[in-house]
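# Structural features, examined
The lines below spell out each chain.
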Amino acid sequence: MPRDALVSPGDLTVAQEVAAAMPDGRRITRWTFGSRTGVTAEVLSLGARLQTLNVPDRAGRRANVVLGGGSVEDLLGRASYLGAIVGRYANRIASGVLPLDGTTHRLATQPTGHTLHGGPDGFATRLWDGVPVRADRQVGVRFRTRSLAGDQGFPGTVTADVTYLLDPDGELSITYRAVTDAPTVVNLTNHAYFNLAGEGSGTVLDHLLRVEAGRYLPVDEELIPLGPVEPVAGTPFDLRRARRLGTCIAEEHGQIHRAGRGFDHNWVLDGTGYRRAAILSHPASGRRVECMTTEPGIQVYTGNHFDGSLTGRSGRPYPAHAGIALETQHFPDSPNRPEYPSTVLRPGEQYRSRTVYRFSAE
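Everything in this summary refers to the structure shown in the same document. Bear in mind that the values here come from a model prediction, so they are computed numbers and not experimental data. (Residues numbered from 1 in each chain as written. Predicted model: local features only at pLDDT ≥ 70, side-chain atom pairs only at ≥ 80, totals over all residues. Heavy atoms only, no water.)

## What about the overall build of the protein?
Across its full length, the protein holds three helices and 29 strands. Computed over C-alpha atoms, the radius of gyration of the protein comes to 19 Å, within 12% of the 21 Å expected from 2.2 N^0.38 for 362 residues, which places it in the range of a compact globule. By its C-alpha atoms, the protein is 55 × 45 × 40 Å across when sized along the principal axes. Each of the 362 residues in the protein was classed as buried or not, and the buried ones make up 59%. Nonlocal contacts in the protein, meaning residues at least 24 apart in sequence, comprise 64% of its contacts between residues at least 6 apart. By element, 49% of the accessible surface of the protein is carried by carbon and sulfur atoms, the whole surface being about 13900 Å². Treating the 39 positive side-chain charges of the protein as one cloud and the 38 negative ones as another, the clouds have centres 4 Å apart. (Helix = DSSP H or I, 4+ residues; strand = E, 2+ residues; numbered from the N terminus. Rg over C-alpha atoms; globule rule 2.2 N^0.38 Å. Buried < 20%, exposed > 50% of the residue type's maximum accessible area, 1.4 Å probe, protein only. Contact = heavy atoms within 4.5 Å. Areas by Shrake-Rupley, 256 points an atom, 1.4 Å probe, with all protein chains shown as cover. Lys, Arg positive; Asp, Glu negative; His and termini not counted. Charge placed at Lys NZ, Arg CZ, Asp CG, Glu CD.)

Here it is as structure tokens:
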């Protein structure tokens, strides 16, 4: 399809083209940006989605390291979260109950009976408006969407912006902003699944993961936090030193079984402000990604639900643990847990969040 190229100074470029169409005929735009010789990204207007991220290994060979649906039908269905911006509220709100300022709002729920990632028709299934952006040594795309009051049951009309920027050194930044005209809750994240060996190459069980957190949130059988923060010491959740994922989730621990033989939990990150949250590496290829964030938590999900029935862009099916999501965010179910960091956004305030993924090869 025709592509409009906007060449930035130096080695960085950004280009735009029509990728596909929605069932109602609306066009889905693909933006491609990055370095001609280093990391390049593709994002779609559907879900403001990170669809492809090509990263060199230690020998300079590039491979796509994020999972992605192979068709529009998949992106609106089984693959709707892959690489997408999820919201208004990333993660779970128990029973779809949102108490706020003395009023209880009933949110749209999934078949589980809980609200996940903003509800059945959350931000991941929306067409976002995108424009190219250029900053000092960075190129990318800024997306915007408007969510009206009552959308999925949430109060307040929210306008949200998400900006992807990539620099020549392989640093991908994602910046989130939102405003509202009435009190509401906002919690946004990107739901990319990483496989540093390459998309469709198998599982991530041979990857090493380090998480900068001494505490985590145990969950019940429906993956809702039980409430109290628990120490990671003496559990498979102790990733303060890098550990092989396959070894961790093979341990006999009740929380591993509750998540479907793997991780689907929130770690309470050490420190405050912008700091390192996690490091994921793949020894065989040498690829490594360091995750930095301003958020208080990170949800680590090891793709436990994949069962081979979804075929990715590579044409190969995704088995269990085909990828790992590193979702920087506020804590799940915090509207019902006043002891957790607040996600309330009020008129006159601005929701702001920043996460950076730094790629390198060792």
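On we go.
## As for the packing of aromatic side chains
Applying the stated criterion to the full structure yields twelve aromatic pairs. When the ring of Y216 is compared with that of F237, the centres are 4.2 Å apart and the planes differ by 10 degrees; the resulting orientation is stacked. One end of the pair, Y216, is in strand β20 (residues 215-217); the other, F237, is in the loop between β21 (230-231) and β22 (243-244), with 21 residues separating them in the sequence. Exposure class is identical for Y216 and F237. Each is buried. With centroids separated by 5.7 Å and ring planes inclined at 70 degrees, the aromatic side chains of F306 and Y318 adopt a geometry described as edge-to-face. One end of the pair, F306, is in the loop between β26 (297-301) and β27 (324-329); the other, Y318, is in the loop between β26 and β27, with twelve residues separating them in the sequence. Looking at F306, the relative accessible area reads 4%, which means it is buried. One aromatic cluster is present, formed by Y193, Y301, F306 and Y318 through successive ring pairs. Above the plane of the ring of Y274 lies R354, whose end atom (NZ or CZ) is 5.1 Å from the centre. (Phe/Tyr/Trp six-rings, centres within 6.5 Å; stacked < 30°, edge-to-face > 60°. Lys NZ or Arg CZ within 6 Å of the ring centre and 35° of its normal.)

## Quick word on the environment of P56
Within the secondary structure, P56 sits in strand β5 (residues 49-56). Separated by 16 residues in the primary sequence, P56 and T40 place their C-alpha atoms 9.7 Å from one another. Discounting residues that sit within four places of it in the chain, P56 has contacts with T37, G38, V39, R61, R62, R287 and A361.

## A look at empty space enclosed by the protein
Scanning the model with the defined rule gives one cavity of 30 Å³ or more in all. If you add up the space inside the largest cavity, you get close to 30 Å³. Lining the largest cavity are G87, R88, G118, D121, G122, F123, R126, S147, D151, Q152 and F154. A class-by-class count of the residues in the lining of the largest cavity yields two nonpolar, five polar and four charged. (1 Å grid on protein atoms, 1.4 Å probe; cavity = no way out; pocket = protein on both sides within 12 Å on 5 of 7 lines; lining within 4 Å. Points joined across faces, edges and corners; volume = space filled by probe spheres on them. Nonpolar A, V, L, I, M, F, W, Y, C, P; charged D, E, K, R; others polar.)

## Notes on the sheet that holds strand β15 (residues 171-180)
Taken together, nine strands build an open sheet; the order of strands is β12-β13-β14-β15-β29-β25-β24-β19-β22 and the sheet is antiparallel. The open sheet terminates on both sides in strands that have one partner only, identified here as β12 (129-135) and β22. Where strand β14 (residues 158-166) and β15 come together, nine bridges link them in antiparallel fashion. Paired with A160 across the bridge in β15 is A178. (Pairing = 2+ DSSP bridges.)

## Section: the environment of N54
Tracing the backbone shows N54 in strand β5. Measuring from C-alpha to C-alpha, the distance between N54 and I324 comes to 16 Å, with 270 residues separating the pair along the chain. Apart from residues lying up to four places away in sequence, N54 is in contact with G38, V39, T40, R62, A63 and N64. At a separation of 3.3 Å, a polar atom in the side chain of N54 contacts the main-chain amide nitrogen of N64. (Polar contact = N/O pair within 3.5 Å; in protein donor to acceptor, adjacent residues only side chain to side chain.)

## Side note on the layout of surface pockets
Here the largest pocket defines a volume of roughly 670 Å³. Residue composition of the lining of the largest pocket, grouped by class: 13 nonpolar, 15 polar and six charged. The computed volume of the second largest pocket comes to approximately 150 Å³. Lining the second largest pocket are A19, A20, I28, R30, L44, Q51, G69, G70, S71, V72, L75 and R313. Mapped onto the lining of the second largest pocket, the elements with two or more residues apiece are β2 (12-21), β3 (27-35) and α1 (72-75).

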